[in-house]
Amino acid sequence: MNSIIFIVMDSCRYDSFAAARTPNIDRLGTAQKRFSYASWTAPSHYTFCMGMMPHASPSGVMASEVYKDEFVQWRDRTGRSDIEFRTFLPRISLPKVLSDLGYRTVAKVSMPVLNPYTILNQHWDEYKQMPNHNDFEGMISEIDCEEDDPHFYFLNLGETHYPYMLSGEELPRVSGVHGALKLLGKDGQGGGQGGGKMGSEEASQVATAGAKDFFTPERFASLHQQQTVCVEYVDSMIGNLMEIVPTGTHFIVTADHGELFGEDGYFGHGPIMHSKCFEVPFVEGSLK
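Residues numbered from 1 in each chain as written. Predicted model: local features only at pLDDT ≥ 70, side-chain atom pairs only at ≥ 80, totals over all residues. Heavy atoms only, no water.

Participant: Quick question: what am I supposed to make of the side chain of R77 here?
Facilitator: Following the sequence through the fold, R77 ends up in helix 4 (residues 74-78). For R77, the side chain forms a polar contact with the side chain of Q73, separated by 3.2 Å. A polar side-chain atom of R77 sits 2.8 Å from a polar atom in the side chain of E284. If we ignore the near neighbours within four places in the chain, the residues touching R77 are N2, I4, M53, E70, Y103, H250, I252, F282 and E284. (Helix = DSSP H or I, 4+ residues; strand = E, 2+ residues; numbered from the N terminus. Polar contact = N/O pair within 3.5 Å; in protein donor to acceptor, adjacent residues only side chain to side chain. Contact = heavy atoms within 4.5 Å.)

Below, the structure written as structure tokens:
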């Protein structure tokens, strides 16, 4: 069995990825445009932990067939021909299945909403929230695929999430569910929009005058371009990772959901039914 590295670029929408130069990811195969099962981080990652990937939105087929085919693809990823749809039952837990097969399962996450106290921290040998929002490099420093047992690394990257690695700029605070709960009641109005700034990204329709003043079309375009820059940074780090893992290591590179950059009055992601919030890149392949 080969080791598997599953990389989730948080909030990276498909066209941001497609505009980037990704020579290292390109070594794995051709990237596809797929669709996330959810428009924000937590439920999307729960789907990943079930063993499911972003889907291709196929027509003319029953959903149950799509699900069955998805689970069976873990045969190719692991090199085990005995994996079946029923292998995942009753828990429907990817880390549990891989652990039973002999993998050491390790999750390293960036987003606070995925912290180790959540329900997502089940059946892992190790589950760690990184101390830094943008710490892919730190994750790589902790990876060791040279041991005898195959490893499954699940990595949630914050580099492609707002504020897109921008530092030293006066950017509005944008809180997710975790941040909104922390702020709940502090201003007497809950953790939503206030102070003339954008509130929760999970309720991210541009509404306040202050946010509108900041999030101009030019600013949106700049942030969209910056997400592409972040993808190129992630690709460079994946190149470093490829240097230290064995040949045959299987990579999955995708995103948990997309992002809105001003389309139809929206910024961010969350309770939004917009195509750009669901379009994500997907590429996988074994390192040769």
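Participant: I would appreciate a short explanation of the nonpolar core in the present structure.
Facilitator: The tendency in soluble globular proteins is for nonpolar side chains to be buried as a group. I7, F136, L155, L241 and F251 are the most contacted members of the largest nonpolar core, which has 31 residues in total. Going through the elements one at a time, strand 1 (4-9), helix 6 (136-141), strand 5 (151-157), helix 9 (217-244), strand 6 (250-254) and strand 9 (279-286) are the ones with two or more residues in this core. Among the nonpolar cores identified, the runner-up in size contains 28 residues, and I83, V97, Y103 and L114 belong to it. (Core = buried A, V, L, I, M, F, W, Y, C linked by side-chain atoms within 4.5 Å. Buried < 20%, exposed > 50% of the residue type's maximum accessible area, 1.4 Å probe, protein only.)

Participant: How should I be thinking about the pattern of salt bridges in this particular structure?
Facilitator: Per the stated rule, a full pass over the model turns up 13 salt bridges. E142 is the salt-bridge partner of K108, the closest N and O atoms lying 2.7 Å from each other. Note that K108 is positioned in strand 3 (residues 104-109) and E142 in the loop between helix 6 and strand 5, a separation of 34 residues in sequence. Residue E142 is classed as partly exposed on the basis of its relative accessible area, which comes to 34%. For E142, the salt bridge goes to K128, with nearest N and O atoms at 2.6 Å. Taken together, the residues span a long stretch of sequence, with E142 in the loop between helix 6 and strand 5 and K128 in strand 4 (residues 126-129) at a distance of 14 residues. Residues participating in the shared-partner salt-bridge network are R104, K108, E126, K128 and E142. (Salt bridge = Lys/Arg side-chain N within 4 Å of Asp/Glu carboxyl O.)

Participant: What is the right way to look at the packing of aromatic side chains in this model?
Facilitator: Here a ring pair, both rings aromatic, is described through the centre-centre distance and the interplanar angle of the planes. Under the counting rule described, the total for this entry stands at 16 aromatic pairs. Ring centres of F6 and F154 lie 5.1 Å apart, and the angle between their planes is 85°; this geometry places the pair in the edge-to-face category. Taken together, the positions of F6 in strand 1 and F154 in strand 5 put the pair 148 residues apart, joining distant regions of the chain. Among the residues examined, F6 registers a relative accessible area of 0% and is labelled buried. Accessibility expressed as a relative area gives 3% for F154, which makes it buried. (Phe/Tyr/Trp six-rings, centres within 6.5 Å; stacked < 30°, edge-to-face > 60°.)

Participant: Please explain unusual backbone geometry as it appears in this structure.
Facilitator: Note on backbone geometry: most residues besides glycine have negative phi, and most peptide bonds are trans. Residue L89 is joined to P90 through a cis peptide bond whose omega torsion reads 0°. Assignment of secondary structure puts P90 in the loop between helix 4 and helix 5 (94-101). Look at the link from Y162 to P163: it is a cis peptide, with omega at 15°. Along the chain, P163 turns up in the loop between strand 5 and helix 7 (177-183). Phi at M165 takes a positive value of approximately 65°, unusual for a residue other than glycine. When you line up the elements, M165 lands in the loop between strand 5 and helix 7. The phi angle at D264 is positive, at roughly 55°, despite the residue not being glycine. Since its relative accessible area comes to 61%, D264 is described here as exposed.

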